[in-house]
Amino acid sequence: MSRKNNTYSNELKLEIVQAYLNGEESMQKIADRYEIRNVSQVKAWVKKFKEVESIEAFNRLSSTGSGAKGVKNPLKGKRVHFKNVEGEIRQAVE
């Protein structure tokens, strides 16, 4: 059985976040009421909204399970071996 990712409008996300921030219900109950598959999605929306404090928080929000944090790893895909910690630090700074 395949799983389809749902997409939610920014307005719905804002409604869900405001419902939580207004203290209406727990995150789990809100996720159930709005049929959000996983409460961690609601947590991610609330966290992002608190950082930005506007609907702009939901533009291009990475998915919860993707591991994407917005910081590119400059060493990804490269095999680098260091003899000590100082060499590793020097490489990261360059």
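Residues numbered from 1 in each chain as written. Predicted model: local features only at pLDDT ≥ 70, side-chain atom pairs only at ≥ 80, totals over all residues. Heavy atoms only, no water.

K.L.:
Help me understand the overall build of the protein, please; the structure alone is not making it clear to me.
P.N.:
If you tally the helices and strands in the protein, you get four helices and zero strands. Helices and strands appear in the protein in the N-to-C order α-α-α-α. Every one of the 94 residues in the protein was classed for burial, and the buried ones make up 19%. Here the protein displays about 7,900 Å² of accessible surface, and carbon together with sulfur accounts for 48% of that area. (Helix = DSSP H or I, 4+ residues; strand = E, 2+ residues; numbered from the N terminus. Buried < 20%, exposed > 50% of the residue type's maximum accessible area, 1.4 Å probe, protein only. Areas by Shrake-Rupley, 256 points an atom, 1.4 Å probe, with all protein chains shown as cover.)

K.L.:
What exactly am I supposed to notice about the pattern of salt bridges here?
P.N.:
Should their charged atoms come close, side chains of opposite charge can pair. The tally for this structure, following the rule as stated, stands at one salt bridge. Two residues, Arg33 and Glu25, come together in a salt bridge whose shortest N-O distance is 2.9 Å. By relative accessible area, which is 42% here, Arg33 ends up partly exposed. (Salt bridge = Lys/Arg side-chain N within 4 Å of Asp/Glu carboxyl O.)

K.L.:
Whenever I open this one, unusual backbone geometry confuses me. Can you help?
P.N.:
Glycine aside, the phi torsion of most residues is negative, and most peptide linkages are trans. A positive phi is found at Glu35, a non-glycine position, where the angle reads about 60°. Relative to the assigned elements, Glu35 resides in the loop between helix 2 (27-33) and helix 3 (39-52).

K.L.:
What is the right way to look at the packing of aromatic side chains in this model?
P.N.:
Centre distance and the angle of the planes are the two values used to describe a pair of aromatic rings. Under the defined criterion, the tally for this structure stands at one aromatic pair. For the pair Tyr8 and Trp45, a centre-to-centre distance of 5.4 Å together with 75° between the ring planes defines the contact as edge-to-face. Of this pair, Tyr8 sits in the segment before helix 1 (10-21) while Trp45 sits in helix 3, placing them 37 residues apart in sequence. Using a relative accessible area of 2% as the deciding quantity, one classes Trp45 as buried. (Phe/Tyr/Trp six-rings, centres within 6.5 Å; stacked < 30°, edge-to-face > 60°.)

K.L.:
Please clarify how the confidence of the model for the protein should be interpreted in this entry.
P.N.:
Atom-level detail of predicted coordinates should not be read off regions where pLDDT is low. Per-residue pLDDT for the protein has a mean of 75; in total, 56% of the residues score no lower than 70. Taken element by element, the predicted model of the protein shows its lowest mean pLDDT in helix 4 (residues 85-93) (68) and its highest in helix 2 (92). (pLDDT = per-residue confidence, 0-100.)

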